[in-house]
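Working through the structure, step by step
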Amino acid sequence: MFLGHYGLALGAKKLAPKVSLGTLVFASLLIDLIWPILLLLGKEEVVISPGITLVTPLDFTNYPLSHSLLAVGVWALLLGVVYFIWKRSSGAALLVGGLVLSHWLLDFLVHRPDLPLLPNDASRYGLGLWNSLSATLALEFGIFFLGLFIYWNSTHSRARIGSILLWGTTLLLTAIYLASVFGPPPPDTKMIAYAGLGQWLFVGLYYWMDRKRRSYV
Ligand SMILES: [Zn+2]
């Protein structure tokens, strides 16, 4: 899943107007932000295997530290605790931790059975929505645009740049997503890791956007 993680973070801003949108996006994306680093370190593996699903050619052969349910739970707890110590708000910390966990659940819907529950578990899970292009697009764009609509409806721009950032990131993410679905498969796994690291840039853009937009509540 790609756009859906962003959509959930955008929608969550209405629930916690005091939490920066950058933090919400960071939490929602966290395990995909860690994954490319682990790929480059050789701790996790992905194989390019065109045709393995209809939507993505990526075969996630080994990613226990970023994507096993237990590891995601630990990442969620860690980020939640750090956020609580930093901001002293248990409700917001719970939401931030919940967003980290939500990533696994959204991935579970679309991935073929490749998600382990425990890091060293041989059994893998996933409902495999990636085998239907229309269902995948409906889910990704559905969550993304619903979240975007909720966010757009509950904030307003303090300066022109607030609007530019909102629509610029939306356009860019949509273009990147469509290129990944309809474009050729990536040439090698290093490229996948570098593209994955690019998501850190969006976290920065959403922190910036948050400072340029104000919540109505
Ligand atoms: Zn993921």
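Below you will find a few notes about this structure. These figures come from a predicted structure and were not determined experimentally.

Concerning the overall build of the protein chain
- Within the protein chain, the regular secondary structure consists of 9 helices and 6 strands.
- Computed over C-alpha atoms, the radius of gyration of the protein chain comes to 17 Å, within 12% of the 17 Å expected from 2.2 N^0.38 for 217 residues, which places it in the range of a compact globule.
- For the protein chain, the spread of C-alpha atoms along the principal axes amounts to about 45 × 35 × 30 Å.
- Per-residue burial for the protein chain yields a buried fraction of 39% across its 217 residues.
- Sequence separation of 24 or more characterises 69% of the internal contacts of the protein chain that already satisfy a separation of 6 or more.

Focus on helix 4 (residues 69-87)
- With 19 residues, helix 4 should reach 27 Å at 1.5 Å per residue; the first-to-last C-alpha distance of 26 Å fits that figure.
- Listed as buried for helix 4 are Ala-71, Val-72, Trp-75, Ala-76, Gly-80 and Tyr-83.
- Each element contacted by the buried residues of helix 4 is listed here: helix 2 (21-40), helix 3 (64-67) and helix 5 (90-110).
- Looking one or two places after helix 4, you find Arg-88, whose phi comes out positive at around 60°.

Structural notes on helix 1 (residues 3-15)
- In terms of burial, helix 1 is a largely internal element, 10 of the 13 residues being buried.
- Within helix 1, the full set of buried residues consists of Leu-3, Gly-4, His-5, Tyr-6, Gly-7, Leu-8, Ala-9, Leu-10, Ala-12 and Lys-13.
- Here the buried face of helix 1 lies against helix 2, helix 5, helix 6 (133-154), strand 5 (155-157) and helix 7 (160-182).

Side note on the nonpolar core
- Grouped together as the largest cluster of nonpolar side chains are 54 residues, with contacts concentrated most on Ala-9, Leu-24, Val-25, Val-72, Val-96, Leu-99 and Val-100.
- Elements supplying a minimum of two residues to this core: helix 1, helix 2, strand 2 (58-62), helix 4, helix 5, helix 6, helix 7 and helix 9 (199-212).
- A total of 11 residues in this core trace back to one element, the largest contributor, which is helix 2.
- In this structure, Val-25 is in contact with Tyr-6, Ala-9, Phe-202, Val-203 and Tyr-206, ignoring residues within four places of it in sequence.

Looking at unusual backbone geometry
- Look at Arg-88: it is not a glycine, yet its phi comes out positive at around 60°.
- Of note, Arg-88 is situated in the loop between helix 4 and helix 5.

What about the environment of His-111?
- Of note, His-111 is situated in the loop between helix 5 and strand 3 (115-116).
- Sequence spacing of His-111 and Lys-13 is 98 residues, and the spatial spacing of their C-alpha atoms is 26 Å.
- When sequence neighbours within four positions are dropped, the list of residues in contact with His-111 reads Phe-60, Gly-126 and Trp-130.

What counts as what
- Every residue gets a number counted from 1 within its own chain, in the order that chain's sequence is written.
- pLDDT decides what is reported in this predicted model: residues at 70 or higher carry local features, side-chain atom pairs at 80 or more are listed and counted, and totals for whole chains, interfaces and linings draw on all residues regardless.
- The secondary structure listing takes helices from DSSP runs of H or I that are at least 4 residues long and strands from runs of E that are at least 2 residues long, numbered from the N terminus.
- Radius of gyration: over C-alpha atoms. The globule rule applied is 2.2 Å multiplied by the number of residues raised to the 0.38 power.
- Remark: C-beta atoms are placed from the backbone, and a residue is labelled buried if 20 or more other C-beta atoms sit within 10 Å of its own, exposed if 12 or fewer do, or partly exposed between those counts.
- We call two residues in contact if the C-beta atoms placed from their backbones are at most 7 Å apart.
- Each residue after the first adds 1.5 Å to the expected span of a helix.
- Under the definition applied here, buried Ala, Val, Leu, Ile, Met, Phe, Trp, Tyr and Cys residues are grouped into a nonpolar core through C-beta atoms within 7 Å.

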